[in-house]
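So you can see what is in the structure, the chains are spelled out below.
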Amino acid sequence: MKDLIAKLKSKEFKAAFKSYARAVLASAVTMGVALAADVAPQYAILIGSIAAPAVKWADKAEKEFGRK
């Protein structure tokens, strides 16, 4: 249990979680705007699914916890 708590407090985990949260938020905002603009729901979902990986790719914090 101590190892799990130590891992959750690590800088790498915090950076990864923040990056994930930013990607989810970007996807939600994009989908919300698309739905508010009266875009067909299937296209709103498609736009949201493209926005999240794009934000994650552009995120400068990715270098902090990238693959080792």
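Residues numbered from 1 in each chain as written. Predicted model: local features only at pLDDT ≥ 70, side-chain atom pairs only at ≥ 80, totals over all residues. Heavy atoms only, no water.

### Observations concerning helix 2 (residues 11–36)
Under the convention used in this document: Strands here mean DSSP runs of E at least two residues long; helices mean DSSP runs of H or I at least four residues long; both are numbered from the N terminus. In this scheme, a helix's expected span is set at 1.5 Å multiplied by one less than its residue total. Summary of the burial criterion: residues with accessible area below 20% of their type's maximum are buried, those above 50% are exposed, and those between are partly exposed, where the area comes from a 1.4 Å probe applied to protein chains only. Residues are treated as being in contact if the distance between any of their heavy atoms lies within 4.5 Å.
With 26 residues, helix 2 ought to run about 38 Å at 1.5 Å a step, and its terminal C-alpha atoms sit 37 Å apart, in line with that. Within helix 2, the full set of buried residues consists of Ala15, Ser19, Ala23, Ala26, Ser27 and Ala34. Residues of helix 2 that are buried in the fold lie against helix 3 (41–58).

### With respect to unusual backbone geometry
In the Ramachandran plot, aspartate 38 falls in the positive-phi region, its phi being about 65 degrees despite a non-glycine side chain. Mapped onto the elements of the fold, aspartate 38 is located in the loop between helix 2 and helix 3. Here aspartate 38 falls in the exposed class, since its relative accessible area comes to 70%.

### Regarding helix 3
Rules: Working definition: the arc comes from the directions between the helix axis and the C-beta atoms, pointing outward to the latter.
Taking 1.5 Å of rise per residue, 18 residues should cover 26 Å, and helix 3 covers 26 Å from first to last C-alpha, within 8% of that figure. Along helix 3, the residues classified as buried are Ala44, Gly48, Ala51 and Ala52. Seen end-on, helix 3 carries its buried residues on one side only, within an arc spanning 100 degrees. Along helix 3, the residues that are exposed and aim more than 90 degrees away from the buried face are Gln42, Ile50 and Trp57.

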